[in-house]
Amino acid sequence: MITPIQQVLKVFSDRVSVYTDLNWSIAGSTASLIQGCNNIGPNDIDILVKQNGDVDKIVNLWAFARLNIHGIIIEMANTVSDKYLDLSPVVGELKRLRSFLEC
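Residues numbered from 1 in each chain as written. Predicted model: local features only at pLDDT ≥ 70, side-chain atom pairs only at ≥ 80, totals over all residues. Heavy atoms only, no water.

1. Comments concerning helix α1 (residues 4–16)
Defined as follows: Numbering of helices and strands runs from the N terminus, with a helix taken as a DSSP run of H or I at least four residues long and a strand as a DSSP run of E at least two residues long. What a helix should span is 1.5 Å times the count of its residues minus one. To sort residues, take the accessible area from a 1.4 Å probe on protein chains only and compare it with the maximum for the residue type: under 20% means buried, over 50% means exposed, and anything in between is partly exposed. Think of it as the arc spanned by the lines of direction from the helix axis to the C-beta atoms.
End to end, α1 covers 18 Å across 13 residues, agreeing with the expected 18 Å (1.5 Å per residue, within 8%). Looking only at α1, the buried set comprises Ile5, Gln6, Val8, Leu9, Phe12, Ser13 and Val16. When α1 is viewed along its axis, its buried side chains cluster within an angular range of 165° and face the same direction.

Next comes the structure, spelled out in structure tokens:
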């Protein structure tokens, strides 16, 4: 059975895929869930992006910065440096996300 988090991540991933140069990563409790911490029940999805303008690109797809898709909130922020994304490279891997979405 697909969870609401999986459904929303699929909607989000499909929509932002129009930007082939967009680098984004999932953080927070949803990242922990994707990595196998099944006792976590995320209430939101935290998205990190690499470039200052990337949040604007995403926002322009929906017209606001804090998204609510099917009752799940997605919050986005720009990272100050690429080092944060390197701390947890498995989270940003599309293969891992796709595998999670197919459950």
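Additional details are given in the paragraphs that follow.
2. A few points about unusual backbone geometry
One non-glycine residue with positive phi stands out, namely His70, at about 55°. Its location among the elements puts His70 in the loop between β3 (67–69) and β4 (72–78). Of the residues examined, His70 reaches a relative accessible area of 63% and is grouped as exposed.

3. Section: the packing of aromatic side chains
Quick reminder of the rule: Stacked, tilted and edge-to-face are the three classes assigned to paired rings of Phe, Tyr and Trp, where Trp is represented by its six-membered ring and a pair needs centres within 6.5 Å; plane angles under 30 degrees give stacked, over 60 edge-to-face, the rest tilted.
Evaluated as defined, the whole model comprises 1 aromatic pair. Measuring from centroid to centroid gives 5.1 Å for Phe12 and Trp24, while their planes differ by 85°, and the two rings are edge-to-face. Placement of Phe12 in helix α1 and of Trp24 in strand β1 (residues 24–27) is noted, with a sequence separation of 12 residues between them. Here Phe12 falls in the buried class, since its relative accessible area comes to 0%.

4. A closer look at the pairing of β1
Remark: a regular strand shows side chains that alternate across the two faces of the sheet. Rule in force here: A strand pair is defined by DSSP finding two or more bridges across the two strands.
Here β1 shows a buried face lined by Trp24 and Ile26 and a second buried face lined by Ser25 and Ala27. Where β1 lies against strand β2 (residues 44–49), 4 bridges are found, and the strand directions are antiparallel. Paired with Trp24 across the two strands is Val49, which belongs to β2.

5. Quick notes on the pattern of salt bridges
The condition that has to hold: Here, a salt bridge means any side-chain nitrogen of Lys or Arg that lies within 4 Å of a carboxyl oxygen of Asp or Glu.
One pass over the structure, following the stated rule, counts 3 salt bridges. One salt bridge in this structure joins Asp14 and Lys10, with 2.9 Å as the shortest N-O distance. Taken as a pair, Asp14 and Lys10 lie in helix α1 at a separation of 4 residues, close to a single helical turn. Look at Lys10 and you get partly exposed, because its relative accessible area is 41%. Beyond isolated ion pairs, a larger network of salt bridges with shared partners links Asp21, Asp54 and Lys57.

6. Description of the side chain of Gln6
Where we set the bar: Whenever two N or O atoms come within 3.5 Å, that pair is a polar contact, provided that in protein one can donate a hydrogen and the other can accept it, and provided that, for residues adjacent in sequence, both atoms are side-chain atoms.
Positionally, Gln6 belongs in helix α1. Only 2.7 Å separates the side chain of Gln6 from the backbone nitrogen of Thr3, close enough to count as a polar contact.

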